[in-house]
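# Structure assessment
Here are the chains, one letter per residue:
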Amino acid sequence: MSVTMDKVVSLAKRRGFVFPGSDIYGGLANTWDYGPYGVELKNNLKKIWWKTFVQDRDDMVGLDASILMNPKVWEASGHVASFTDPLMDCKKCKERIRGDKLIEQHIGIEAAVGKTLKQISEIIKEKKLPCPKCGSSDFSEARSFNLMFKTHQGVVEESSALVYMRPETAQGIFVNFKNVVTTTRMKLPFGIGQIGKAFRNEITPGNFTFRTREFEQMEIEYFFDPEASKWEEIFAEWKKLSWEFVCKTLGIKEENLRLRDHDKDELSHYSKGTTDIEYKFPFGWGELCAAAAYRTNYDLTQHSNFSGEELSYTDPQNPQRKIIPHVMEPSFGADRIALAIMLDAYDEEEVDGDVRTVMRFTPALAPIKVAILPLVKNKEVITQKAEEVYHLLKKEFTCEYDESGTVGKRYRRQDEIGTPFCVTIDFETVEKDNCVTIRDRDAMTQERIKIEELSAVLHKKLGI
Ligand code: GAP
C-alpha cells in the first residue's frame, strides 16, 4: 500500500486533525489549523520532546522567549544580510519560484547547492527548465529575497518601528545565554531548549504542512568549551540522540529515514557542519529536522559585538580564563515531524472484504488513548456502567466515550484516529463478571479484563 499525501490530507480533514486555515472564508493559502485530534497529537509530540531533551537531562534547562525581538538581533545573527532565497518570476504566467528548487527538482540537489544568483539564472536558461505552472521557460534574473516577515511595533509605520517575526527560535536562546548562566549557574557543557513559533515568508510553501510560513520549532542550543570537548564528538552524540528520538521514541520507521550531511556549499551562514535527518515523504526525500549543526561561537560572538555585552563564560577551574562557548544545535520542526508521524502511521488493510484505515501511532503520541464503547446504547444499565468506566479512566488517560452507531463502525472510527485501545461494556459486564473487553487497534485481538485491573493493564499496554 502506498501512502499518498492526498490520503493523509483527506483523513486529516475528515477526522479533525488538520483543517485548511480560515476555511469559511475560502482559506488563506498554505495556512493550516490543528483540529481536536491534531492538537492532541502535536502537543504529545512537544511534551515528549520536552521531557526527553529538557526535563530528563541534568545538563539542560528550558526557555520561552518572545517572538518579537530587537531588530539588531537579526543584524547580528546574519539574517538581515544572508537569510535569503533566490527568487525568479515567470514572465509568462507571473508565477514566483525559487531558482535553486527548480534546479534541484529537474537536475538534482548537487547542481543547485552553493550557486550564485548569476549561476542559477544561467543554469535555468541553458537547460530551459520549465515553469512549474505554465511550462514556459522565460524567467526574470534571479534576485535575493529575504525570508523574514516584517511588521511594525506601535502605532507608527516608520522604519524606526520595524520589527521582524523571528525566523528561528534559536536567537531567543543566544540573547538569553548570560541570563541563564547567572540565574541557574549551569556549567559547560549544557544546553537550553525552547519550543515556539517561527515565521518565514517562504517563496514556495506547500506539500501540506511540510513547508508553511508559520510553523513551530523545537530547538536546542548546546554550549560547550571547545578545549574541553571535541566538537566532532558532541556532533556525533547529538546526531545519535536526534536519530534515536525520531525512530525509537517517536516510532517513525527506520526504512523511511536517513541521515544526510550538508555539502560545504550548502551550509547555512553560521554552520561549520550540519547533518539532517530526512524522511521519505510521498514527494521524495525531504528534510525532517537538523540532527545537529555546529554553529561554532558565531552567534554569541556576533551578539557580544553588536550588543556590547560580554557573553563569555568563566572557566570554574581557572577563573582567569574566559571563553565564548561553542554551540551544537539540533533543530526539530514540530509541524513537519507531526506530518511525518501521520504519513508513517497511515495504513490500510483488508478486513472481511472491507478496507480498514488505521493510524498506527506509537501509543504515547496517539491523541486518544482509550475509547469507551457501550455495546448497546438504549440499555440504561450498560450505558451507566460505561459512563462509570469512562469517568474512571478519564482521570488518567485521554479518553473518548462513543455510543453512536454499530460497534464495528465505532471501532473503524477509532482506528482512523489511531486510538490504541477500545474498551467495550456489555450485558456480561453488569450481569455477570464486572469485566470489560479490551480491543487492540493493531492486532484486533480482544481480551476480558476486570474493571479493578483496567487502569493498571492499560498503563502497561500503553507504556505510559
Ligand atoms: N535554527 C536552525 C534552523 O532554523 P532550519 O533547518 O532552517 O534550521 C529547522 O529549520 C527545522 O525547522 C527544519 O528541519 C524543519 O523541521 C523546520 N522548518 C523549517 N522551515 C520550515 C517551514 N517553512 N515549514 C515547516 N517547518 C519548517
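Here is a short report on the structure shown in this document. (Residues numbered from 1 in each chain as written. Predicted model: local features only at pLDDT ≥ 70, side-chain atom pairs only at ≥ 80, totals over all residues. Heavy atoms only, no water.)

## Considerations on the overall build of the protein chain
The number of helices and strands found in the protein chain is 16 helices and 23 strands. With the principal axes as the frame, the protein chain shows a C-alpha extent of 75 × 65 × 50 Å. Here the protein chain holds 464 residues, and the buried ones make up 50% of them. Sequence-distant contacts, at least 24 apart, represent 66% of the contacts inside the protein chain between residues at least 6 apart. Put simply, the protein chain shows about 22200 Å² of open surface, and 49% of that area lies on carbon and sulfur atoms. A distance of 2 Å separates the average location of the 65 positive side-chain charges in the protein chain from that of its 73 negative side-chain charges. (Helix = DSSP H or I, 4+ residues; strand = E, 2+ residues; numbered from the N terminus. Buried < 20%, exposed > 50% of the residue type's maximum accessible area, 1.4 Å probe, protein only. Contact = heavy atoms within 4.5 Å. Areas by Shrake-Rupley, 256 points an atom, 1.4 Å probe, with all protein chains shown as cover. Lys, Arg positive; Asp, Glu negative; His and termini not counted. Charge placed at Lys NZ, Arg CZ, Asp CG, Glu CD.)

## Some details on the layout of surface pockets
In this structure, the second largest pocket spans a volume of roughly 340 Å³. Secondary-structure elements contributing two or more residues to the lining of the second largest pocket are strand 2 (32-34) and strand 10 (214-224). Classifying every residue of the lining of the second largest pocket by side-chain character gives 6 nonpolar, 4 polar and 7 charged. (1 Å grid on protein atoms, 1.4 Å probe; cavity = no way out; pocket = protein on both sides within 12 Å on 5 of 7 lines; lining within 4 Å. Points joined across faces, edges and corners; volume = space filled by probe spheres on them. Nonpolar A, V, L, I, M, F, W, Y, C, P; charged D, E, K, R; others polar.)

## Some thoughts on the sheet that holds strand 3 (residues 60-63)
On the basis of which strands lie adjacent, the open sheet formed by 7 strands has the order 3-9-10-16-13-12-11 and mixed pairing. This sheet does not close on itself; its edge strands, each paired only once, are strand 3 and strand 11 (257-261). Put simply, the sheet's adjacent strands are angled 25 degrees from each other on average, direction ignored. Where strand 12 (residues 273-281) and strand 13 (residues 284-296) come together, 9 bridges link them in antiparallel fashion. (Pairing = 2+ DSSP bridges. Axes fitted to C-alpha atoms, helices over the stretch in contact; angles between N-to-C directions.)

## As for the packing of helix 2 (residues 36-55) against helix 12 (residues 334-345)
Where helix 2 contacts helix 12, the axes come no closer than 10 Å and their chain directions differ by 115 degrees. The orientation of helix 2 with respect to helix 12, classified from their angle, is roughly perpendicular. Handedness of the helix 2/helix 12 crossing: right-handed. On helix 12, the residues that touch L41, K42, L45 and K46 of helix 2 are A334, D335, I337, A338, I341 and M342. In terms of residue class, the contact of helix 2 with helix 12 is built from 7 nonpolar, no polar and 3 charged. (Parallel < 35°, antiparallel > 145°, perpendicular 65-115°, else oblique. Left-handed = near helix turned anticlockwise from the far one by under 90°.)

## Topic: unusual backbone geometry
Of the consecutive residues L188 and P189, the connecting peptide bond is found in the cis state with omega at -5 degrees. By the element assignment, P189 lies in the loop between helix 9 (177-184) and strand 9 (190-199). Its identity is not glycine, yet N30 carries a phi of approximately 60 degrees, on the positive side. For N30, the location among the structural elements is in the loop between strand 1 (18-20) and strand 2. Not every positive phi belongs to a glycine, and T296 is a case in point at roughly 50 degrees.

## Structural notes on the site of the ligand
The immediate surroundings of the ligand are formed by 20 residues, with E168, T212, E219, E287 and L288 found nearest. Between the ligand and E219, the relevant distance is 2.5 Å, taken from a nitrogen atom to a side-chain nitrogen or oxygen of the residue. At 2.5 Å from an oxygen atom of the ligand is found a side-chain nitrogen or oxygen belonging to E287. Protein burial of the ligand: of its 550 Å² of free accessible surface, 92% is covered by the chains. Broken down by secondary-structure element, the contributors of at least two residues to the shell around the ligand are strand 10, strand 13 and strand 16 (326-333). Here the shell around the ligand gets 5 residues from one element, more than from any other, and that element is strand 13. Across the shell around the ligand, the residue classes break down as 7 nonpolar, 4 polar and 9 charged. (Near = heavy atom within 4 Å. Polar contact = N/O pair within 3.5 Å; in protein donor to acceptor, adjacent residues only side chain to side chain.)

## Section: the pairing of strand 16
With respect to burial, strand 16 is a largely interior element, 8 of its 8 residues being buried. Every second residue of strand 16 is oriented toward a common face, with H326, M328, P330 and F332 on one face and V327, E329, S331 and G333 on the other, all of them buried. Sheet analysis places strand 10 next to strand 16, joined by 6 bridges and oriented antiparallel. For M218, the partnering residue across the bridge sits in strand 16 and is F332.

## Looking at the nonpolar core
Grouped together as the largest cluster of nonpolar side chains are 58 residues, with contacts concentrated most on F17 and L45. Of all the secondary-structure elements, those providing two or more residues to this core are helix 1 (5-14), helix 2, strand 10, helix 10 (231-249), strand 12, strand 13, strand 16 and helix 12. Considering every element that reaches this core, the biggest residue donor is helix 12, with 9 residues. Apart from the residues within four sequence positions on either side, L45 is in contact with M218, F245, L250, A334, I337, A338, I341 and L365. (Core = buried A, V, L, I, M, F, W, Y, C linked by side-chain atoms within 4.5 Å.)

Remember, this is a structural readout, not a statement about activity or role.
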